[in-house]
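# Remarks on the overall topology
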Amino acid sequence: MSRARADEEEYWHSSKFRAFTFDDEDDELSQLKESKRAVNSLRDIVDDDDDDLERVSWSGEPVGSISWSIKETASSSSSSLESRDSSLQKGSSSYAAFPKQVSSYSLSSLFKGELCLSLSALSDTGAKNYAPELRRPKAEYKDYSSDWSPKDTVKRMQRGKVCSLERFRSLQDKLMLLDEAVAGHDGNVITAVILMCFTHLYLSLLPVEILFRELEVRQVALCHLIHFLKETGEQKLLLDLLRLCFFSLSLQLSQYREHLNIQDVEKRREFLKGCIGLPFSAEDTSHIQDHYTLLERQIIIEANDRHLEAAGQSEIFRKYPRKASILNMPLVTTLFYSCFYHYTEAEGTFSSPTNLKKTFKIPDKQYVLTALAARAKLRAWDDVDALFTTKNWLGYTKKKAPIGFHRVVEILQKNNAPVQVLQEYVRLVEDVETRLNLATKYKCHDVVIETYRDLKDRIQLTAYKCKVERGSAEEEKINSILSNMVRNTSS
Amino acid sequence: MAAHLSSGRVNLTALREAGRRELREFLDKCAGSKAIVWDEYLTGPFGLIAQYSLLKEHEVEKMFTLKPGRLPQADVKNIIFFVRPKLELMDIITDNVLREDRGRSPQRDFHILFVPRRSLLCEQWLKEQGVLGSFIHRDQYSLDLIPFDGDLLSMESESAFKECYLESDQTSLYHAAKGLMTLQALYGTIPQIFGKGECARHVANMMIRMKREFPGSQNSIFPVFDTLLLLDRNVDLLTPLATQLTYEGLIDEIYGIQNTYVKLPPEKFAPKKQGEGGKDLPTEPKKLQLNSAEELYAEIRDKNFNAVGSVLSKRAKIISAAFEERHHAKTVGEIKQFVSQLPHMQAARSSLANHTSIAELIKDITTSEDFFDNLTVEQEFMSGIDTDKVNNYIEDCIAQKHPLIKILRLVCLQSVCNSGLKQKVLDYYKREILQTYGYEHILTLNNLEKAGLLKPQTSSRNNYPTIRKTLRLWMDDVNEQNPNDISYVYSGYAPLSVRLAQLLARPGWRSIEEVLKMLPGPHFEERQQLPTGLQKKRQHGENRVTLVFFLGGVTYAEIAALRFLSQMEDGGTEYVIATTKLINGTSWIKSLMEKLEPAPF
């Protein structure tokens, strides 16, 4: 009996009492805390190890679910799951490589008099590959019938049944079939039909202009073909098609996109150079031009800096070895790099920050932010100072920051600037409230004290005394200001 | 296992049952012991249809993930590939089949099950590789609409929006129409179809056509759904861009919910026993299933996050009181009764523990300065403040190199709320983004322009304020604790899509003709004839059931808003939701981004 009472006592103390003390914190948070405490306190009396309603493995997967079982059954076999990620990657890369065998027969080669030569090749691979059931002997299928209407054919194809597309011989027939497929909205069927048209019409030596004219008015079908060629990596065929169709929708960008597949930087640069001439919109052209110029710069800088670093004579590279190459980095990253390693260089050199700023018309704000971050990282406080100092024509200096001094303070603080440096900029923050906040947050005592002095706020100043060290210079300063204020007000 | 599916107005267990039956039939076609090789993407959706136990009953002994190389040495008669019809997967399968040891005995039979549809191209590809003949059964499993909850169906087709709007590939719409036909076969013909948008029109056309083409499909089931509402995602591009503020919405925004499961950082879910803790904190993420089967979750999932804390604390009190009961249990009978309730109480306690931890995790983020700043800017845009000039916060975020997706979400939101950006503003943002994140993102920006998310203002007129006022998209006096309007799900913004659904039910779209014309795509109404015997005589006070199909994706906050409408006392309509994919702003923008090769180092 007495033991039970002890238990009860313990429960009273451990659960009920503790669970529902209301502290006067923000009630939202305390509500959460409260329910958490309640939950925790209940743990002692509930032993829920054995009889969980549903068995759940630690990862939360209910035991018996499919993905859990895959791991379970697979781990008992010899295959190891660790290699899964890498092998899947391998799978996708091998996918990218597969259709290359077809790509040697480009459209343009078909038009340049090599038609006869490549015809047989195309009919061997291209047609058979993508136009299903194109040349199967009729006898192969039990349910083969030669008089399916276009509609029925599409319907059968949608259901995944085998059909012969051979009977659709004339252009008219093919186009009817294509229209029927488009109306059915099943991309699978549309692609199959269009590929059949596409390859078959070449075989019939029909003027291609006619086919393309027909495709042009069938945008959906055309999009499917383009998408298919994109997916299978048929870049050349794709561009030829787009060019021949005078189909400007995505030609330029498709071509530009191709640069991503070029690993060699020199080749990539050459390729981008070629893209500049494409008829982009004015805005896009300037971006692509910038992209090219940037890569060109990066190649020069990279070659130069790699050499410098290897030679080991430049102090900055010895002290801060480069973590990665600058090739293919965004512009702002490149600017940071150049502010870090090449800050003092004359404007004439390609790697100087001012040169980058001019060439790419980098806005002042962006430039100052980046330069500040780079110089602060190197703890080059003089450079930071110079960044915000302007001289007027009389020779007076003035501090100005296009980004606002509160941002300057934040960035300096992130780079662990010493208080002396920090407070110089905190002092420059114009808005009094922001200045006080920042000064208090980063313990720039002088600034706080001076601000309160200027505000003639005795109460705050007195209150601040407890925030500074006893017997410190700051405390003394506060005391003297306070006594001064008294004198001033009493006089 | 699937009790939560039958909790709603429409019993979706029937749909799940149909799926299971089809699966069993296929498995039985391949007699003998089996191993399944899974396209990994499919395991999540399949998990909502069947557990391993069902497969086991049909002699599935092993399961593997699809990957190149030699198949594991499992002693089974059949190897079945469960795959999506993708060419890259066909390559892996080919590799598997070609490496199979022909000398082994007994030989293993190969089969292939395409989900959701057989593909001529894939089969042709297998044929070219000379392996098509190795497959004894080639079949398709139409997993179109998967039941996620008692009122929620999804096709989990990740790229549906991208395919429809960037690639003009409407295959997903074809599958949607197929899924709706299956649904009608199980739950009766839906007499009324409304729609808004180009894709909606296509789906409705296909449904009508399919019905005409299979006259035998005329069924004699009493219709469960009164109305189908088809909505294009591009009619409402705004909603997914805003940060969802419901509990479930925030879980998805922050951690991402996949097939009803969420993976959470393990720290808050430390081992239960004291003394054990400290040493071996779990490092693997904690995985939890989230659906209405969990009583507490069903109660809080759709609440504004600010209203979740009080529910949790109330629950804590109730549970504590329930455990307290044991002190009053004096007689054996009372003790017995207490004990019999224990399992239920324990489940409730552990559910409370989990959600308290999740709420704490979310709280850490929602109370952060950056979350607040971001939300402030979003709300300014949505209420029409300063949408026509370069925004300082966005500029700052770019300067600090915040994640690109976050920037794109905000810029797109601004563009949508201003019916396009002034050319000068758009050019400025583009330049900043390209200079900071790399010029290659010009491809992504181009995709966003094509999808209409980012565009220059073409006419001098900005339609958004008119739309906002007419549809009351911005509500200043929002009540998060006891909401009286759907705008609570975004703390002020009422999702446009759901407003359209609400206005359709009452007073009808005729009242907003003008606004409907400003939104892209046609709006329409179709009727499907029912045999006289099946026409419904509505009982007084009986609610109508409307199926809202979001073509191109739906967010959890929109679902919450529709559930709120279902529960309104005088609402008169209950909603079931279907979609091509459950999305949030981040996953949505990601699906539209150009896949860039990883940097070479």
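Identification of chain B as Vacuolar protein sorting-associated protein 33A from Brachypteracias leptosomus is taken from an unreviewed UniProt entry. Listed under Sequence similarities (unreviewed entry) in UniProt, the entry text for chain B is "Belongs to the STXBP/unc-18/SEC1 family."

Chain A carries the name Spermatogenesis-defective protein 39 homolog in an unreviewed UniProt entry, which gives Brachypteracias leptosomus as its organism.

## Notes on the overall build of chain A
Across its full length, chain A holds 27 helices and 2 strands. Out of the 491 residues belonging to chain A, those deemed buried represent 47%. A separation of at least 24 residues holds for 49% of the contacts in chain A among residues at least 6 apart in sequence. Surface exposure of chain A reaches about 26,100 Å², of which carbon and sulfur atoms provide 52%.

## Topic: the sheet that holds strand β11 (residues 261-264) of chain B
Residue and element names in this part refer to chain B. In spatial order, the strands read β10-β11-β12; together these 3 strands make up an open sheet with antiparallel pairing. Sheet topology places β10 (257-258) and β12 (286-289) at the edges, where each strand pairs with a single neighbour. The pairing of β10 with β11 spans 2 bridges and is antiparallel. Across the sheet, the residue bridging to Ile257 is Val262, located in β11.

## What about the packing of helix α8 (residues 150-158) of chain A against helix α9 (residues 171-184) of chain A?
Residue and element names in this part refer to chain A. Taken N-terminus to C-terminus, the directions of α8 and α9 make an angle of 45°; their axes are 9 Å apart at the nearest point. Between α8 and α9, the crossing angle belongs to the class labelled oblique. In this structure, α8 meets α9 at a crossing whose hand is right-handed. Counted together, Pro150, Lys151, Thr153, Val154 and Gln158 of α8 and Met176, Leu177, Glu180, Ala181 and Gly184 of α9 form the full contact between these two elements. Among the residues making up the contact of α8 with α9, the classes are represented as 5 nonpolar, 3 polar and 2 charged.

## Some words on the packing of aromatic side chains
For any pair of aromatic rings, geometry is given as the distance between the ring centres together with the angle between the planes. Per the stated rule, a full pass over the model turns up 25 aromatic pairs over all chains. Geometrically, the ring pair formed by Phe110 of chain B and Phe135 of chain B is edge-to-face, given 6.3 Å between the ring centres and 65° between the ring planes. Of this pair, Phe110 of chain B sits in strand β4 (residues 109-114) while Phe135 of chain B sits in strand β5 (residues 135-140), and the two are 25 residues apart along the sequence. Phe110 of chain B sits in the buried class, given a relative accessible area of 1%. Each member of the aromatic cluster is reached from another via a ring pair, and the members are Phe317, Tyr320, Phe336, Tyr337, Phe340 and Tyr341 of chain A. In this arrangement the basic side chain of Lys357 of chain A is found over the ring face of Tyr367 of chain A, its NZ or CZ atom lying 5.3 Å from the centre. One cation-aromatic arrangement involves Arg201 of chain B over Phe524 of chain B; the distance from NZ or CZ to the ring centre is 4.1 Å.

So, how was this worked out
- Residues numbered from 1 in each chain as written.
- Chains lettered and ligands numbered in written order.
- Predicted model: local features only at pLDDT ≥ 70, side-chain atom pairs only at ≥ 80, totals over all residues.
- Heavy atoms only, no water.
- UniProt positions renumbered as here; feature names shortened; annotations may be inferred.
- Helix = DSSP H or I, 4+ residues; strand = E, 2+ residues; numbered from the N terminus.
- Buried < 20%, exposed > 50% of the residue type's maximum accessible area, 1.4 Å probe, protein only.
- Contact = heavy atoms within 4.5 Å.
- Areas by Shrake-Rupley, 256 points an atom, 1.4 Å probe, with all protein chains shown as cover.
- Pairing = 2+ DSSP bridges.
- Axes fitted to C-alpha atoms, helices over the stretch in contact; angles between N-to-C directions.
- Parallel < 35°, antiparallel > 145°, perpendicular 65-115°, else oblique.
- Left-handed = near helix turned anticlockwise from the far one by under 90°.
- Nonpolar A, V, L, I, M, F, W, Y, C, P; charged D, E, K, R; others polar.
- Phe/Tyr/Trp six-rings, centres within 6.5 Å; stacked < 30°, edge-to-face > 60°.
- Lys NZ or Arg CZ within 6 Å of the ring centre and 35° of its normal.

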